[in-house]
Amino acid sequence: MSRLTLETEGDTHVVVTRRFRASPEAVYRAHTEPELIQKWLLGPDGWTMPVCINEARAGGRIRYEWSDGNGNGLVLTGEYVSLEPFGRIVHVERFHMPDPTPDNHVETRFEADGAGTLMTMRMTLPDSATRAAMLATGMEDGMEASYARLDAVAG
């Protein structure tokens, strides 16, 4: 439906917004149900997610493991802080590269927007250097590739 926008705020925040064709309920479910997550949260083409642990409850674990099929992989772990079904998710995440990155505190909101959903994700990093390192990964392109898939899965 639309390409994501990525903006910075202050020294430590990144705000990502994107509109989806699907309802807030469908987009929320795509963020919390493992069988849906494995269909869309894949980054660039050619990657898969063979491990998807998503315990969608306060205190629940998150563990995603991606593979490019050529021996390269990436791991993300985290925990849920709170969930308000169909409206808001708060969690903490860290990538393992191979050592864990500093905690990224993420609040994601899902709001009805016409016939679809406006998703706003606000990430809070511990300092400007951590944010700069995260932005330097080219994450925006991988996120958009995933969100285009989410639009197809949830829409």
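Criteria and cut-off values
- Residues numbered from 1 in each chain as written.
- Predicted model: local features only at pLDDT ≥ 70, side-chain atom pairs only at ≥ 80, totals over all residues.
- Heavy atoms only, no water.
- Pairing = 2+ DSSP bridges.
- Helix = DSSP H or I, 4+ residues; strand = E, 2+ residues; numbered from the N terminus.
- Axes fitted to C-alpha atoms, helices over the stretch in contact; angles between N-to-C directions.
- Contact = heavy atoms within 4.5 Å.
- Buried < 20%, exposed > 50% of the residue type's maximum accessible area, 1.4 Å probe, protein only.
- Expected span 1.5 Å × (residues − 1).

**What to know about the sheet that holds strand 5 (residues 73-84)**
Read from one edge to the other, the open sheet built from eight strands follows the order 1-2-8-7-6-5-4-3, with strand pairing classed as antiparallel. Edge positions in the sheet fall to strand 1 (5-9) and strand 3 (48-54), since each has one partner strand and no second. Each strand of the sheet is rotated relative to its neighbour by a mean of 20 degrees, with strand direction disregarded. Looking at chain direction, strand 2 (residues 13-20) and strand 8 (residues 116-124) are connected through eight bridges and run antiparallel. Each residue of the ladder has a partner; that of valine 14, found in strand 8, is methionine 123. Those strands touched by helix 1 (residues 24-32) are strand 2, strand 3, strand 4 (61-67), strand 5, strand 6 (88-96), strand 7 (104-113) and strand 8, and its axis lies near 155 degrees from that of strand 7.

**Digging into unusual backbone geometry**
Of note, the bond from methionine 97 into proline 98 is cis; its omega dihedral lies within 30 degrees of zero at -10 degrees. Within the secondary structure, proline 98 sits in the loop between strand 6 and strand 7. Of note, the phi angle at phenylalanine 86 is positive, near 75 degrees, even though the residue is not glycine. Tracing the chain through its elements places phenylalanine 86 in the loop between strand 5 and strand 6. You can call phenylalanine 86 partly exposed: its relative accessible area is 36%.

**What about the pairing of strand 5?**
Bridge analysis of strand 4 against strand 5 gives seven bridges, and the strand direction is antiparallel. Looking across to strand 5, one finds that arginine 61 is bridged to glutamate 79. Between the antiparallel neighbours strand 4 and strand 5 lie five residues, among them glycine 69 with a positive phi of about 80 degrees. In the sheet, strand 5 pairs with strand 6 via nine bridges, with the strands oriented antiparallel. Bridged to valine 75 within strand 6 is histidine 96. Between the end of strand 5 and the start of strand 6, which pair antiparallel, lie three residues, with phenylalanine 86 showing a positive phi angle near 75 degrees.

**A word on helix 4 (residues 139-154)**
Compared with the 22 Å implied by 1.5 Å per residue over 16 residues, the 22 Å span of helix 4 between its first and last C-alpha is a close match. Of the positions making up helix 4, those classed as buried are Met139, Gly142, Met143, Glu144, Ser146, Tyr147, Arg149, Leu150, Asp151 and Ala154. On its buried face, helix 4 is in contact with strand 1, strand 2, helix 1, helix 2 (34-40), strand 8 and helix 3 (128-135).

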